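Examining the three-dimensional arrangement
Okay, here's what each chain looks like letter by letter:
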Amino acid sequence: MTPRTETQPAGSPRRLSLPDRQGWGVLSLFTATTFLSAFLLFFIQPMFAKMVLPLLGGAPSVWAVALLFFQGALLVGYGYAHLLVRRVPAASTGFVHLALAALAFLALPIAIPAGWSEPPTSDPYFWQLGLFAVAIGLPFVAVSANAPLLQAWFARTGHKDSADPYFLYAASNFGSLLALLGYPLLFEPAFGLKALASLWAAGFALLVLALAACFLVVRGATAPRADIPEPVSAATGLAPRTDPDWQARAAWVGLAFVPSALLTAFTTHVATDIASAPLIWVIPLSLYLATFVVVFRERALIPRPVLLTLHAVAVVLALLQLAQTEKETWFYSAGFGVAAFVTATLVAHRTLYEARPDARHLTEFYLWMSVGGVLGGIFAALLAPQIFAEVFEYPLLLALSFACRPGALDLRRENQHALTVLIALVAAAAAIIHWGPGLASEYQLDFRGWGSTAAIAALFALVALAVWRHPPHLLVVAMSLYMAVVLLPSGVHRGNAERSYFGVYRVIQSGDGEFNVLQHGTTLHGAQRIRDANGKLVANIQPATYYHARGPMASAVRLTSMIGAATRSEPTFGVIGLGAGSLACHSSAGETWRFFEIDPVVVSIANSKKFTFLANCQPDAHIILGDARLTVAREEDESYDLLIVDAFSSDAIPVHLLTAEALRLYASKIKPEGAVVLHISNRYLDLEQVLAATFPTIGGLHALTIEDQSEDDGYAVTGSTVVVFGKSWEAIDRFRVIPGARNLPEPRLRPWTDDFSDVLGPFLSQYRKHH
């Protein structure tokens, strides 16, 4: 490549060089402004998502759809920045952008707008997108446009690094990463949502001032001709890259699509099949942003040969892990999954960086990147839940990450022999997947307990070693691994699954075949015995798991029924969270029962042939669809003798059901002598401490804890912990006859309200309990 002398294209601005000291100041200003802009952009995401969570039952899909909105708004922002740079004279771009920023102040401070307090009962995907657009669309677009716009402005400053301003994207992602980690770890524990919204508005005002300063620098560094729109250009000592064609643009879209979709798919997979712990979404998004910091630079921190090797090994191991059910520990699943996600994203983003155009096409590059991100979000958040009953998009995108390796889709480099081998690989893989399990069963091969799916996947992994140097062949092998994982019994393909906005539900049989089991993600939500210990089919409607006859919830129901019988009254029961319908079989004649359920899919499962609690015990059960905070609020005050709150989405707690406002709502719906039972069993959060801190802030409520003293007995008996509260000690003390009753502990945490809820404190408290 021959060095060239600096030239000025006709119609270009006269570029002024900057002294070193002034150049350092310009670089610092643009870097700091880029950092602040990214920080605000990624701070508003979890902040507003948390405001919306109470309206949507705390479902994991809230975050997936939120990511889709953010990607879509990012596309609008990047498109606006591209048009601004290409169509508006350079001397006016800042005025237009500052005017948009001023208009965005009308949407501040951030809050749920009037008229958007109740979502539809059906899948609320588009309702949520509309809410986000109305509430934060304008400020989000104004801030999202800054990343490409600031780089385009910097390219005009005459700074010595202005020829290749892509390094600012690393600073942008560093700011995003700090905001993402800082929100749950620092800001959320210290401030309520209203205070955080005010802080964000103040930060936005500071950003507008910084943008004005950057624009003044650009105006001072260039003297554009007024009659010709100024192109984005920068002098360099090297020959410029060729103008991008549609093949290059399609590559940008594809290389952005895969990691964007994989981000949502991996987060869903972790929450569904590994551990639905609070804040679990922070980890994948943080890793995603960190990959930009690592590879979006002239010299990547990981050499390409090392990165490609790590990627191939990690993804193949992750797909092998998904192909079996013998070793399904959290350590293996999470470890292989994180390694595959990170390396796949690193490869895609590095290939994307190496395909970047010169600074003249900078805003167009980011625009097409954003298109890929939006398409990835649409696929993973909207289309995949409709297409797949289980989280099949995750292994699909892992396999497709091999298409992001250099040369993977370029068959022109392969000779005739290599192409023949490629076709043979496709045919052989199809034959093995189709006939392999049948042959293994015929010859009674169980592969030492690993199963035929794992054996077929292992065979494909060996083939991957043989075709290591041929990217197209590696892609075919990876897709073969994917087909084996989703078509044959595997770690992501098990039981009868149904999927909705609120999660993935599986009805499986226990290992001994004695129970039908309902799982929501990784959490047990009910079971019914279908065979006795001898394997004989039985019609058994005795509630199991948490709802067994000696458990706290069943004991509370029985005690309330006995009081009703003694006083010759017919008690009224309310149950928030239907599950498999187990509690229905603790009802007695003459009682009134109402069930509150947010997900129509759960109602369908409870009324299916897999579970017969409702069919046998309450065939005409009164089931009210919708979020409990909204539906219970419509019930008549002081109308319930016992209200049971058992509405948890896997292990991700609907925080809004345990805030002071929620507890006050429940209390208003029970009779003076009534009680509320809160099921607080949780692997990750110390909810007993949360309630111990929250009750004193309300006043007039009295509570105690009941911890199940029964020994676990598989699915027949599962231990649980509940908190019972009411309006008087007289109403609550009667529950002390239940084994395991005790007073609440002294509070060590801050109370939860609709404005403030900190999950980090309860998480650490639970960790200290068990370590």
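In case you missed it, the structure is sitting above this.
In this text the structure is predicted, and so the values were computed from the model without any measurement.

1. Some details on the state of the cysteines
- Enumeration over the complete set of coordinates arrives at one disulfide.
- Here Cys585 connects covalently by a disulfide to Cys617, the sulfurs 2.0 Å from one another. In this structure, the disulfide formed by Cys585 and Cys617 twists by about 95° around the S-S bond and is classed as right-handed. Linking Cys585 in the loop between strand 7 (572-576) and strand 8 (592-597) with Cys617 in helix 19 (residues 613-617), this pair joins segments that are 32 residues apart in sequence.
- By relative accessible area, which is 24% here, Cys617 ends up partly exposed.

2. Details of the sheet that holds strand 7
- With respect to topology, eight strands assemble into an open sheet ordered 9-8-7-10-11-13-12-14, the strand pairing being mixed. Each edge of the open sheet is held by one strand with a lone partner, namely strand 9 (622-625) and strand 14 (741-743). Sheet twist, expressed as the average angle between the axes of neighbouring strands with direction ignored, equals 20°.
- Two strands pair when backbone bridges link them, and strand 10 (residues 640-645) and strand 11 (residues 670-679) are joined in this way by five bridges, in the parallel orientation. Bridge pairing links Ile644 to Val677 in strand 11.
- Lying on the sheet, helix 17 (residues 552-566) is in contact with strand 7, strand 8, strand 10, strand 11, strand 12 (702-707) and strand 13 (721-726); it crosses strand 10 at an angle near 175°.

3. With respect to a nonpolar patch on the surface
- On the surface, a nonpolar cluster with roughly 330 Å² of combined accessible area is contributed by Leu375, Ile378, Leu383 and Ile387.
- Examined against the element boundaries, Leu383 turns out to sit in helix 12 (residues 362-387).

4. Structural notes on the packing of aromatic side chains
- For the structure shown, the criterion picks out 34 aromatic pairs.
- Here Phe70 and Phe132 contribute two aromatic rings whose centre-to-centre distance is 5.8 Å and whose plane-to-plane angle is 70°, an arrangement assigned as edge-to-face. Taken together, the residues Phe70 in helix 2 (residues 61-87) and Phe132 in helix 4 (residues 125-144) connect sequence positions 62 residues apart.
- Owing to a relative accessible area of 3%, Phe70 belongs among the buried residues under this scheme.
- Aromatic side chains Phe105 and Phe204 sit 5.0 Å apart centroid to centroid with 65° between the ring planes, which places their arrangement in the edge-to-face category. Of this pair, Phe105 sits in the loop between helix 3 (90-104) and helix 4 while Phe204 sits in helix 7 (residues 193-221), placing them 99 residues apart in sequence.
- Judged by relative accessible area, which is 34%, Phe105 ranks as partly exposed.
- For Phe204, a relative accessible area of 2% puts it in the buried group.
- Ring-pair connections join several aromatic residues into one group, and the members of that group are Phe35, Phe39, Phe43, Phe174, Tyr183 and Phe187.
- When the ring centre of Tyr353 is taken as reference, the NZ or CZ atom of Arg356 above it lies at 3.9 Å.

5. Brief notes about the sheet that holds strand 4 (residues 503-509)
- Pairing is antiparallel in the open sheet, where four strands are placed in the order 3-4-5-6. Where the open sheet ends on each side, the last strands, each with one partner, are strand 3 (496-500) and strand 6 (523-529). Averaged over all neighbouring strand pairs, the angle between strand axes comes to 15°, with direction disregarded.
- With five bridges connecting them, strand 3 and strand 4 associate as antiparallel partners.

6. Description of the packing of helix 13 (residues 393-400) against helix 16 (residues 471-487)
- Interaxial distance between helix 13 and helix 16 falls to 8 Å at its minimum, and their mutual angle equals 170°. By the angle between their directions, the pair helix 13 and helix 16 is classed as roughly antiparallel. Between helix 13, through Pro395, Leu396, Ala399 and Leu400, and helix 16, the contact on the second element is made entirely by Leu475, Ala478, Met479, Tyr482, Val485 and Val486.
- Here the residues of the contact of helix 13 with helix 16 are counted per class, giving 10 nonpolar, no polar and no charged.

7. Here we look at helix 15 (residues 452-466)
- End to end, helix 15 covers 22 Å across 15 residues, agreeing with the expected 21 Å (1.5 Å per residue, within 8%).
- Taken together, the buried positions of helix 15 are Ser452, Thr453, Ala454, Ile456, Ala457, Phe460, Ala461 and Ala464.
- Where helix 15 is buried, its residues meet helix 10 (304-322), helix 14 (416-442) and helix 16.

8. Digging into the side chain of Asp686
- Relative to the elements of secondary structure, Asp686 occurs in the loop between strand 11 and helix 22 (687-698).
- Look at Asp686 and you get buried, because its relative accessible area is 1%.
- Within the structure, Asp686 has its side chain in polar contact with the side chain of Ser765 (distance 2.7 Å).
- Not counting the four nearest positions on each side in its chain, Asp686 is found in contact with Arg748, Leu749, Pro762, Ser765, Gln766 and Lys769.

9. Considerations on helix 24 (residues 760-770)
- Within helix 24, burial applies to Leu760, Gly761, Pro762, Ser765 and Gln766.
- On its buried face, helix 24 sits against helix 6 (167-190) and helix 22.

10. So, the side chain of Thr264
- Along the chain, the position of Thr264 falls in helix 8 (residues 246-274).
- Judged by its relative accessible area of 2%, Thr264 falls in the buried class.
- For Thr264, the contacting residues outside a window of four places in its chain are Ala64, Leu67, Ala380 and Ala381.

11. Quick notes on the pattern of salt bridges
- Going through the model one piece at a time under the given rule, you end up with 17 salt bridges.
- In this structure, Glu354 and Arg350 form a salt bridge, with 3.3 Å as the shortest nitrogen-oxygen distance. In this pair, Glu354 and Arg350 are both assigned in helix 11 (residues 330-354), four residues apart and thus about one turn of the helix distant.
- We classify Glu354 as partly exposed; its relative accessible area is 34%.

12. As for unusual backbone geometry
- Cis rather than trans, the peptide bond between Leu108 and Pro109 has omega equal to -5°.
- Structurally, Pro109 can be placed in the loop between helix 3 and helix 4.
- The residue Arg568 is not glycine, and still its phi comes out positive at about 55°.
- As for its position among the elements, Arg568 is in the loop between helix 17 and strand 7.
- The exposure class of Arg568 is exposed, given its relative accessible area of 81%.
- The phi dihedral of Glu638 falls on the positive side, at around 50°, and the residue is not glycine.
- You can see Glu638 is positioned in the loop between helix 20 (628-633) and strand 10.

What counts and how
Residues numbered from 1 in each chain as written. Predicted model: local features only at pLDDT ≥ 70, side-chain atom pairs only at ≥ 80, totals over all residues. Heavy atoms only, no water. Disulfide = S-S within 2.5 Å. Helix = DSSP H or I, 4+ residues; strand = E, 2+ residues; numbered from the N terminus. Buried < 20%, exposed > 50% of the residue type's maximum accessible area, 1.4 Å probe, protein only. Pairing = 2+ DSSP bridges. Axes fitted to C-alpha atoms, helices over the stretch in contact; angles between N-to-C directions. Contact = heavy atoms within 4.5 Å. Patch = residues over 30% accessible without salt bridge, like charges linked within 9 Å, V, L, I, M, F, W, Y side chains within 5 Å. Areas by Shrake-Rupley, 256 points an atom, 1.4 Å probe, with all protein chains shown as cover. Salt bridge = Lys/Arg side-chain N within 4 Å of Asp/Glu carboxyl O. Phe/Tyr/Trp six-rings, centres within 6.5 Å; stacked < 30°, edge-to-face > 60°. Lys NZ or Arg CZ within 6 Å of the ring centre and 35° of its normal. Parallel < 35°, antiparallel > 145°, perpendicular 65-115°, else oblique. Nonpolar A, V, L, I, M, F, W, Y, C, P; charged D, E, K, R; others polar. Expected span 1.5 Å × (residues − 1). Polar contact = N/O pair within 3.5 Å; in protein donor to acceptor, adjacent residues only side chain to side chain.

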